[in-house]
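Residue strings, one per chain:
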Amino acid sequence: MKLSNSFSGALRTFTYFMASGTHYNLKGIDYISLYGEEPSAIEQVFAIYANVIEMDENGEVLNDQYAQLRATDYLKQYCSSNFLVNPPYEDWEVELH
Amino acid sequence: MIEVKYFGAVAEKTKCEFEKLSFSEELSLQKLLQDLNEKYEFEALTFSVAVNQKIVSKTSDYTLQTSDIVALLPPFAGG
Amino acid sequence: MSSSTRYNRQIILSDIGEEGQQKLAKSKVLVIGAGGLGTAILPYLAAAGVGEIGIVDHDVIEISNLQRQVIYKTDAIGKSKAKEAKATITELNPLVKVKAISEKLSGRNAISLFEKYDIIVDATDNIAIKYLINDACFVTNKPMVYGSIFRFQGQVSVFNYQNGPTYRCLYPDENSNAINCEEAGVLGVSVGIIGMFQANEVLKMILEIGEVLSGKILVYNVLNNEQQKYDFEKSDIQTITREAFEEKYNKCEVEEVSFESVLNEMDNDEVLFLDVRNTDESPKISLRNQIQIPLMHLESKLENLDKKQTIYIFCQSGIRSKIAFELLQKHQFKNIKSIAGGALAMKQLLKEDKLKLKI
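Because the structure is a prediction, the values reported are computed rather than measured.

Student: Just to check I follow, could you spell out the overall build of chain A for this structure?
Tutor: When helices and strands are counted, chain A shows five helices and zero strands. Sequence-ordered secondary structure for chain A, helices as α and strands as β, is α-α-α-α-α. Buried positions account for 27% of the 97 residues belonging to chain A. The contacts of chain A with a sequence gap of at least 6 include a subset with a gap of at least 24, amounting to 59%.

Structure representation (structure tokens):
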């Protein structure tokens with residue numbers, strides 16, 4: 001079975017803002033430098049996004065904004081000296097399958 | 001008929017210090033600037049615009065009258 | 001050599017008199033730039049009896065300056081402009097207190113300098129500095145006497161005079177690529193004439209005579225002696241607060257070093273290597289004088305670090321260590337550097353180093 005159009009749209013929108021350096025939750029953070037330099041940090045972001053996102057039985061994405069928030073909060077914590085993700089990540093959110 | 005005066009680096013692009021231009025209908029300052037930009041390719045040149053010895057801050061809102069004198073004033077840097 | 005004899009020719013002007021001379025003696029003027037404009041302005045301010053004059057210029061005299069910077073002598077080539085200008089105008093009028101500041105004007109010294117003077121004269125040769133001067137004048141509430149040249153034309157105005165319009169009200173677009181005399185060329189007299197206009201504005205303001213060019217820009221053409229004056233208004237959006245000034249001009253400059261250059265300090269007890277990666281990251285680096293504090297906990301663990309110690313900060317690739325650098329600098333850590341390339345670069349070098357030692 002293929003992924004739904006709804007998921008496709010959600011993923012490509014998230015990817016756009018990750019690639020542009022202008023994601024609203026990462027204002028003031030130069031995360032673009034991590035591309036190429038620390039790919040595992042970027043990998044973790046997308047892993048969280050993919051683990052957290054949910055769809056209904058028709059493939060409609062239910063929590064795109066929340067998934068983006070959990071995913072980008074990882075980078076925010078990674079690159080900041082005074083930010084801790086709240087609530088802290090549970091194992092299933094950050095698991096690398 | 002309106003007169004346009006050029007200063008500094010702007011005058012170097014236009015290769016003249018002033019010129020007289022005639023227009024048949026009401027002319028907006030914005031249109032005049034667009035036409036001049038097309039004609040002389042000002043591109044990246046920055047300048048302020050004055051009409052009748054007064055700098056106009058919002059060129060988009062201004063309509064010119066006959067015998068108005070427009071001046072294009074770029075900042076100078078030398079010292 | 002009494003002052004009344006020296007200044008007699010201006011004191012007898014009814015608009016000036018002894019009262020005017022007193023105003024001059026009490027005034028403090030800072031001239032930024034001792035080049036073409038500055039060297040025209042300075043002697044006239046000193047001659048008129050301005051009480052205190054500051055000269056800011058970090059440059060030295062070059063032979064091509066002598067074509068228009070007429071107070072300098074040929075045998076002073078190579079010497080500091082600020083110091084030579086001070087020497088000249090002090091000889092002209094020893095009654096004036098002159099300070100030579102051979103520093104570059106920047107966001108770090110502008111405000112503290114401007115606060116010590118009444119009037120700031122812009123005798124500079126680039127646009128970026130004019131915006132800095134404008135902003136610092138706005139923050140310190142001082143008038144800015146502006147002058148500039150382009151070949152045979154010049155501009156003069158007085159900005160921020162009694163809350164009047166500023167340079168930004170006239171030229172709000174900071175992205176100008178206007179060229180200076182070195183690139184465009186200039187005749188000595190052109191720059192002298194505009195300098196005279198500027199000195200004139202300074203004296204008018206101090207003596208409170210005539211009409212100051214506030215909210216007006218004078219454009220002069222030396223080839224046809226035509227002058228134009230254009231009025232412009234104050235713009236409410238072109239203001240700047242002290243905080244915004246600091247934010248704009250004093251952004252933190254991260255100091256980076258290569259691990260190669262600090263390799264020989266690896267065993268130095270006076271030095272600390274700070275790893276700001278998370279504890280689960282690899283490759284593991286274990287240097288003798290090393291501590292690991294993950295970046296996200298760093299702010300709360302700063303008391304574990306000695307502010308006077310030399311600290312080399314590293315992370316995985318040199319990105320997070322820069323953020324750590326900014327944090328430490330904000331907390332007054334002085335001897336800090338960020339290691340470029342981070343642990344990835346360090347591991348490589350440490351491997352090579354080990355191999356070298358084995359041989």
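Student: I keep staring at the interface of chain C and chain A and nothing clicks. Help me out?
Tutor: Put simply, an interface is often sized by how much accessible area is lost when its parts join up. The interface is formed by 11 residues belonging to chain C together with 11 residues belonging to chain A. Among the elements of the structure, helix 13 (295-298) and helix 14 (320-330) of chain C are those that each provide at least two residues to the side of chain C that touches chain A. With four residues, the single largest contributor to the side of chain C that touches chain A is helix 14 of chain C. Broken down by class, the residue content of the side of chain C that touches chain A amounts to seven nonpolar, two polar and two charged.

Student: Just checking my understanding: could you explain helix 10 (residues 188-207) of chain C for this structure?
Tutor: Count 3.6 residues to each turn of an α-helix, and residues three or four apart come out pointing the same way. Residues and elements named next belong to chain C. The first and last C-alpha atoms of helix 10 sit 28 Å apart over 20 residues, in line with the 28 Å expected at 1.5 Å per residue. Burial analysis of helix 10 places 14 of its 20 residues in the buried class, the great majority of the element. Within two residues after helix 10, Glu 208 carries a phi angle of roughly 55°, on the positive side.

Student: What should I look at first to understand the sheet that holds strand 9 (residues 256-257) of chain C in this one?
Tutor: Backbone-to-backbone hydrogen bonds pair the strands of a sheet. The strands run either parallel or antiparallel. All names here are of chain C. Taking strand neighbours across the sheet as the criterion, the five strands line up as 9-13-12-10-11 in an open arrangement whose pairing is parallel. Both edges of this open sheet fall to strand 9 and strand 11 (290-292), since each of them pairs with a single strand only. Relative to strand 13 (residues 336-339), strand 12 (residues 310-314) runs parallel, the two being bridged by three bridges. When the bridges of strand 13 are listed, Tyr 312 appears paired with Lys 337.

So, how was this worked out
- Residues numbered from 1 in each chain as written.
- Chains lettered and ligands numbered in written order.
- Predicted model: local features only at pLDDT ≥ 70, side-chain atom pairs only at ≥ 80, totals over all residues.
- Helix = DSSP H or I, 4+ residues; strand = E, 2+ residues; numbered from the N terminus.
- Buried ≥ 20, exposed ≤ 12 C-beta atoms within 10 Å, placed from the backbone.
- Contact = placed C-beta atoms within 7 Å.
- Nonpolar A, V, L, I, M, F, W, Y, C, P; charged D, E, K, R; others polar.
- Expected span 1.5 Å × (residues − 1).
- Pairing = 2+ DSSP bridges.

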